[in-house]
Amino acid sequence: MTELGPEVIRIDEFSGREEALEPDPARLAPGSAMPEQHVRNLYTDDTGRFFGGIWRSSVGAWRVSYTENELCVLTEGRVRVSDDHGRS
C-alpha cells in the first residue's frame, strides 16, 4: 500500500467561489452599521468545525460566539477583539 502525502489546499483570491455573508442583525453592536462581508471557504475538516479560507469585511462591530476552531491571519486592516466587559 502506498501512503499519499498531505493534501495541499490553495488559499488565494482566485481559488473557490466568494459568497456574500449577511451577519445576524441581532449580533450587531449598538450603533454599528451592517458590515458588508464575504467568505471564500476553501477547506472544511471531517468534523465540520475547522475551516480554511478567506474572509473580508467592511467596518462594523458585532458579537461572536464560536462553536468551531479558527485560525486567523490578518493580511490587511485592523481588528479589535473585546470581551463582554469591554476589555480589548
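## Some words on the overall build of the protein
At step 1: Helix and strand counts for the protein stand at zero helices and three strands.
At step 2: Going from N to C terminus, the protein has its helices and strands arranged as β-β-β.
At step 3: Taking 2.2 N^0.38 as the reference for a compact globule, 88 residues should give roughly 12 Å; the C-alpha atoms of the protein span a radius of gyration of 16 Å, well beyond that estimate.
At step 4: Projected onto its principal axes, the C-alpha coordinates of the protein cover approximately 60 × 25 × 20 Å.
At step 5: Every one of the 88 residues in the protein was classed for burial, and the buried ones make up 11%.
At step 6: Taking all contacts inside the protein whose residues are at least 6 apart in sequence as the whole, residues at least 24 apart take part in 41%.

## Description of the layout of surface pockets
At step 1: Considering only enclosed or pocket space, the largest pocket measures out at about 2400 Å³ in volume.
At step 2: Together, 50 residues line the largest pocket, and Trp55, Trp62, Tyr66, Glu70 and Val79 are the ones closest to its centre.
At step 3: Where the lining of the largest pocket is concerned, the elements lending two or more residues are strand S2 (37-44) and strand S3 (51-57).
At step 4: The element contributing the most residues to the lining of the largest pocket is S3, with seven residues.
At step 5: Tallied by class, the residues present in the lining of the largest pocket amount to 23 nonpolar, 15 polar and 12 charged.

## Here's the deal with the sheet that holds S2
At step 1: In spatial order, the strands read S1-S2-S3; together these three strands make up an open sheet with antiparallel pairing. Unpaired on one side and paired on the other, strand S1 (19-21) and S3 mark the two borders of the sheet. The mean angle between the axes of side-by-side strands here comes to 35°, regardless of whether they run parallel or antiparallel.
At step 2: Of the pairings in the sheet, the one linking S2 to S3 comprises seven bridges and is antiparallel in character. Each residue of the ladder has a partner; that of valine 39, found in S3, is tryptophan 55.

## Let's talk about the environment of glutamate 36
At step 1: In this structure, glutamate 36 sits in the loop between S1 and S2.
At step 2: Distance from glutamate 36 to valine 59, taken between C-alpha atoms, is 8.0 Å for residues 23 residues apart in sequence.
At step 3: Residue contacts for glutamate 36: discarding those within four places in its chain leaves Arg56, Ser57 and Ser58.

Definitions and limits used
Residues numbered from 1 in each chain as written. Predicted model: local features only at pLDDT ≥ 70, side-chain atom pairs only at ≥ 80, totals over all residues. Heavy atoms only, no water. Helix = DSSP H or I, 4+ residues; strand = E, 2+ residues; numbered from the N terminus. Rg over C-alpha atoms; globule rule 2.2 N^0.38 Å. Buried < 20%, exposed > 50% of the residue type's maximum accessible area, 1.4 Å probe, protein only. Contact = heavy atoms within 4.5 Å. 1 Å grid on protein atoms, 1.4 Å probe; cavity = no way out; pocket = protein on both sides within 12 Å on 5 of 7 lines; lining within 4 Å. Points joined across faces, edges and corners; volume = space filled by probe spheres on them. Nonpolar A, V, L, I, M, F, W, Y, C, P; charged D, E, K, R; others polar. Pairing = 2+ DSSP bridges. Axes fitted to C-alpha atoms, helices over the stretch in contact; angles between N-to-C directions.

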